[in-house]
Amino acid sequence: MLDSNGLYVKDEEGNEVKMTILFTFDAPDGTQYVVFQRADDEEGEVYASRYNDQGELLPIESDEEWDMVQEVINTFIEDEEDA
């Protein structure tokens, strides 16, 4: 579930893990995305997912979609490094 401060996802063992939202963005077609990482791991792996108006996370399904999301993440990282 997605809220303004963070979100919770279930890990492989079914435990809820708190994630910190790095940013959200809308694709030109209106699809909404969230980019996040573990709340206790500021330098770690970054995750991304689509989400709907109810805040439910949805999988990214195609390679083309992943490529677009990766491009946005890379731009974000570059902007953060330049700041």
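Refer to the structure printed above.
Cut-off values and rules
Residues numbered from 1 in each chain as written. Predicted model: local features only at pLDDT ≥ 70, side-chain atom pairs only at ≥ 80, totals over all residues. Heavy atoms only, no water. Helix = DSSP H or I, 4+ residues; strand = E, 2+ residues; numbered from the N terminus. Buried < 20%, exposed > 50% of the residue type's maximum accessible area, 1.4 Å probe, protein only. Polar contact = N/O pair within 3.5 Å; in protein donor to acceptor, adjacent residues only side chain to side chain. Contact = heavy atoms within 4.5 Å. Core = buried A, V, L, I, M, F, W, Y, C linked by side-chain atoms within 4.5 Å. Salt bridge = Lys/Arg side-chain N within 4 Å of Asp/Glu carboxyl O. Pairing = 2+ DSSP bridges. Axes fitted to C-alpha atoms, helices over the stretch in contact; angles between N-to-C directions. Patch = residues over 30% accessible without salt bridge, like charges linked within 9 Å, V, L, I, M, F, W, Y side chains within 5 Å. Areas by Shrake-Rupley, 256 points an atom, 1.4 Å probe, with all protein chains shown as cover. Lys, Arg positive; Asp, Glu negative; His and termini not counted. Charge placed at Lys NZ, Arg CZ, Asp CG, Glu CD.

*Asks:* Even after reading the chapter, I still don't get the side chain of Ser49, so can you show me in this structure?
*Replies:* Within the secondary structure layout, Ser49 lies in strand β4 (residues 47–51). What makes Ser49 buried here is its relative accessible area of 8%. Here the side chain of Ser49 touches Leu58 through a polar contact of 2.6 Å, landing on its backbone oxygen. Not counting the four nearest positions on each side in its chain, Ser49 is found in contact with Gln32, Tyr33, Val34, Phe36, Leu57, Leu58, Pro59 and Ile60.

*Asks:* Looking at this structure, I do not really get the nonpolar core. What am I missing?
*Replies:* Here is a general trend for soluble globular proteins: nonpolar side chains tend to be buried in one another's company. One finds Phe23, Phe25, Ala27, Tyr33, Val35, Ala48, Ile60, Val69 and Ile73 forming the largest nonpolar core, which totals nine residues. Leave out the neighbours within four places in its chain, and Ile73 touches Phe23, Val35, Val46 and Ala48. With eight residues, the next largest nonpolar core counts Val9, Val17, Phe36 and Tyr51 among its residues.

*Asks:* Hey, could you run me through the pattern of salt bridges in this one?
*Replies:* Any two side chains of opposite charge can pair if their charged atoms end up close together. One pass over the full model with this rule turns up three salt bridges. Arg38 is paired through a salt bridge with Asp40; the nearest N and O atoms lie 3.4 Å apart. Using a relative accessible area of 34% as the deciding quantity, one classes Arg38 as partly exposed. With a shortest N-O distance of 3.4 Å, Arg50 and Glu65 are connected by a salt bridge. Within this pair, whereas Arg50 is found in strand β4, its partner Glu65 is found in helix α1 (residues 63–82), the two being separated by 15 residues in sequence. There is no split in this pair, since Arg50 and Glu65 are both buried. Within the structure, one salt-bridge network assembled from shared partners comprises Arg50, Glu61 and Glu65.

*Asks:* I keep staring at the sheet that holds strand β2 (residues 16–26) and nothing clicks. Help me out?
*Replies:* Within a sheet, each strand pairs with its neighbour through backbone hydrogen bonds, oriented either parallel or antiparallel. Pairing is antiparallel in the open sheet, where five strands are placed in the order β1-β2-β3-β4-β5. Two strands lie at the open edges of the sheet, namely β1 (6–10) and β5 (57–58), each paired on one side alone. Along the sheet, α1 makes contact with β2, β3 (32–38) and β4, crossing β2 at roughly 90°.

*Asks:* I would appreciate a short explanation of a negative patch on the surface in the present structure.
*Replies:* Among the surface-exposed residues, Glu78, Asp79, Glu80, Glu81 and Asp82 lie close enough to one another that they form a single negatively charged patch. Along the chain, the position of Asp79 falls in helix α1.

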